[in-house]
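Examining the three-dimensional arrangement
Take a look at the letters that make up each chain.
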Amino acid sequence: MRHLLSTADLTRDDALLILDTAAELARISDRPMKKLPTLRGRTVVNLFFEDSTRTRISFEAAAKRLSADVINFSAKGSSVSKGESLKDTALTLQAMGADAVVIRHGASGAPHRLANAGWIESTVINAGDGTHEHPTQALLDAFTLRRHLRDGEGDLTGVRVTIVGDVLHSRVARSNVLLLHTLGADVTLCAPPTLLPVGVDTWPCTVSYDLDAAIADADAVMMLRVQLERMNAAYFPSAAEYSRRYGLDAQRMATLAPHTIVMHPGPMNRGMEIAADVADSERSVIVEQVSNGVSVRMAVMYLLLGGAESGIGGIA
Ligand code: CP
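Residues numbered from 1 in each chain as written. Predicted model: local features only at pLDDT ≥ 70, side-chain atom pairs only at ≥ 80, totals over all residues. Heavy atoms only, no water.

A look at the pairing of strand β1 (residues 43–48)
- For β1, a buried count of 6 out of 6 residues is recorded, marking the element as mostly surrounded by other parts of the structure.
- Examined bridge by bridge, β1 and strand β2 (residues 69–74) share 6 bridges and lie parallel to one another. Residue pairing for β2: Phe 48 is matched across the bridge by Ser 74.
- For the crossover from β1 across helix α2 (residues 54–65) to β2, the handedness is right-handed. (Buried < 20%, exposed > 50% of the residue type's maximum accessible area, 1.4 Å probe, protein only. Helix = DSSP H or I, 4+ residues; strand = E, 2+ residues; numbered from the N terminus. Pairing = 2+ DSSP bridges. Right-handed = clockwise from strand over helix to strand, strands pointing away.)

Here it is as structure tokens:
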């Protein structure tokens, strides 16, 4: 199996294989010599049509730790700004012998198009497409949840995760709901009605509009960024009103159970969906999520490119 496009494509066993492999690779990353020769001679292209800090850097670090050659492509400063199409960009990458293409694109479905149009033979890894999916973010979130709430082993059966905020524009929310459900977690989405997508009632989760009720029993609270750059209308009366009803501040955090962790995929709007003192608190695992992203992305590339015997069964 060749691509990672959606967490919907992962069976429970696929997801556990990735998480277990990431745990093994994390142990290697703690050593002074972090590199493995696994992908020596293979070329990974980071194809980013949208801005990124965490995802792009951690894919690059992950590929380099596996000894792959890495080419970073940013749409800004490339021939895309002259109007070059995704197809012609893909054909160029194919001509350069890319073994894997890690793609972030503003259009939902762009990674599927790249994987299925027959333009390239490479493995395609979705690094975030529009408001659709961000599967490696969900995997690193599951890895972090498992470490804190299940001693790093097994699935997430019975773990209660509340995801809060701008679900409408979030690719992280969809990928997380699908993956966490596959791993047995109970997921609640909490948002104002205007920031929930049409059809959310068909997602495998509970929906709430009341943040205080939604976090009361949570084992983990995952705050989502309010994606102001994707908003072309007034989805809430004001930033202050949004923060009051859907922001996590110190007062709300004090109502959480002692073991409950606070997560955020980043980048954060400090003072809006999450207060600075919450983001920097001992409950926050936000920086650890970034570190775990390297191990999880190493595992995904290792399993997809490392040979048939290490492949992920259910990946499309
Ligand atoms: N979480 C995430 O995707 O962050 P970046 O946009 O910085 O990659």
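Read on, since the account is not over.
Re the site of the ligand
- By nearness alone, every residue bordering the ligand is listed as Ser 52, Thr 53, Arg 54, Thr 55, Arg 104, His 134, Gln 137, Pro 265 and Gly 266.
- Within the contact set of the ligand, an oxygen atom lies 3.0 Å away from a backbone nitrogen or oxygen of Arg 54.
- Within the side chain of Gln 137, a nitrogen or oxygen atom sits 3.1 Å from a nitrogen atom of the ligand.
- Classifying every residue of the shell around the ligand gives 1 nonpolar, 6 polar and 2 charged. (Near = heavy atom within 4 Å. Polar contact = N/O pair within 3.5 Å; in protein donor to acceptor, adjacent residues only side chain to side chain. Nonpolar A, V, L, I, M, F, W, Y, C, P; charged D, E, K, R; others polar.)

Here's the deal with the state of the cysteines
- Applying the stated rule across the entire model yields 0 disulfides.
- For the unlinked cysteine Cys 205, the closest cysteine sulfur is that of Cys 190, found at 11 Å.
- Given the relative accessible area of 19%, Cys 205 is considered buried. (Disulfide = S-S within 2.5 Å.)

Concerning the domain arrangement of the protein chain
- Looking at the assigned domains, one finds that the protein chain contains domain 1 (7–134 + 290–304) and domain 2 (135–285).
- For domain 1 and domain 2, the distance between their C-alpha centres works out to 25 Å.
- Listed by partner, the interface residues are 32 residues for domain 1 and 28 residues for domain 2.
- The three residues of domain 1 that bury the most area against domain 2 are Thr 7, Leu 19 and His 134, which together make up 25% of that side's buried surface.
- Inspection of the region where domain 1 meets domain 2 yields 4 salt bridges.
- When the shortest N-O distance is used, the salt bridge between Asp 20 and Arg 146 registers 3.0 Å.
- Secondary structure elements with two or more residues in the side of domain 1 that touches domain 2: α1 (12–29), α2, β3 (100–105), β4 (123–129) and α11 (286–305).
- A total of 9 residues in the side of domain 1 that touches domain 2 trace back to one element, the largest contributor, which is α1.
- Split into classes, the residues belonging to the side of domain 1 that touches domain 2 amount to 13 nonpolar, 11 polar and 8 charged. (Domains from an automatic or database assignment. Contact = heavy atoms within 4.5 Å. Buried area = accessible area lost by both parts, 1.4 Å probe. Salt bridge = Lys/Arg side-chain N within 4 Å of Asp/Glu carboxyl O.)

Observations concerning the side chain of Thr 55
- By secondary structure assignment, the location of Thr 55 is in helix α2.
- Judged by relative accessible area, which is 4%, Thr 55 ranks as buried.
- With residues near it in sequence (within four places) discarded, Thr 55 still touches Phe 48, Arg 104, Ala 127, His 134 and Arg 297.

Here we look at the nonpolar core
- One finds Leu 139, Leu 145, Ile 163 and Met 301 to be the most contacted residues of the largest nonpolar core, which totals 90 residues.
- Here this core takes 10 residues from α11, the largest share from any one element.
- Of the domains in this structure, domain 1 (7–134 + 290–304) and domain 2 (135–285) are the two that each give at least three residues to this core.
- When residues no more than four places from it in sequence are discounted, the contact partners of Leu 145 are Arg 150, Leu 156, Val 161, Leu 180, Ala 220, Ile 261 and Met 263.
- Phe 49, Phe 73, Ala 90 and Trp 119 belong to the second largest nonpolar core, which has 18 residues in total. (Core = buried A, V, L, I, M, F, W, Y, C linked by side-chain atoms within 4.5 Å.)

Here's the deal with the environment of Val 294
- Structurally, the position occupied by Val 294 is in helix α11.
- The buried category is assigned to Val 294, whose relative accessible area is 12%.
- For the pair Val 294 and Ser 29, spaced 265 residues apart in the sequence, the C-alpha separation amounts to 9.2 Å.
- Excluding residues within four positions of it along the chain, Val 294 makes contact with Ser 58, Ala 61, Ala 62 and Arg 65.

Focus: the packing of helix α5 (residues 135–149) against helix α6 (residues 171–182)
- Close contact between α5 and α6 brings their axes to 8 Å; oriented N to C, the two are set at 55°. With respect to their mutual orientation, α5 and α6 come out oblique. Every pair of crossing elements has a handedness; the one defined by α5 and α6 is right-handed. On α6, the residues touching Pro 135, Gln 137, Ala 138, Leu 139, Asp 141, Ala 142 and Leu 145 of α5 are Val 172, Ser 175, Asn 176, Leu 179 and Leu 180.
- Residues that form the contact of α5 with α6 fall into these classes: 8 nonpolar, 3 polar and 1 charged. (Axes fitted to C-alpha atoms, helices over the stretch in contact; angles between N-to-C directions. Parallel < 35°, antiparallel > 145°, perpendicular 65-115°, else oblique. Left-handed = near helix turned anticlockwise from the far one by under 90°.)

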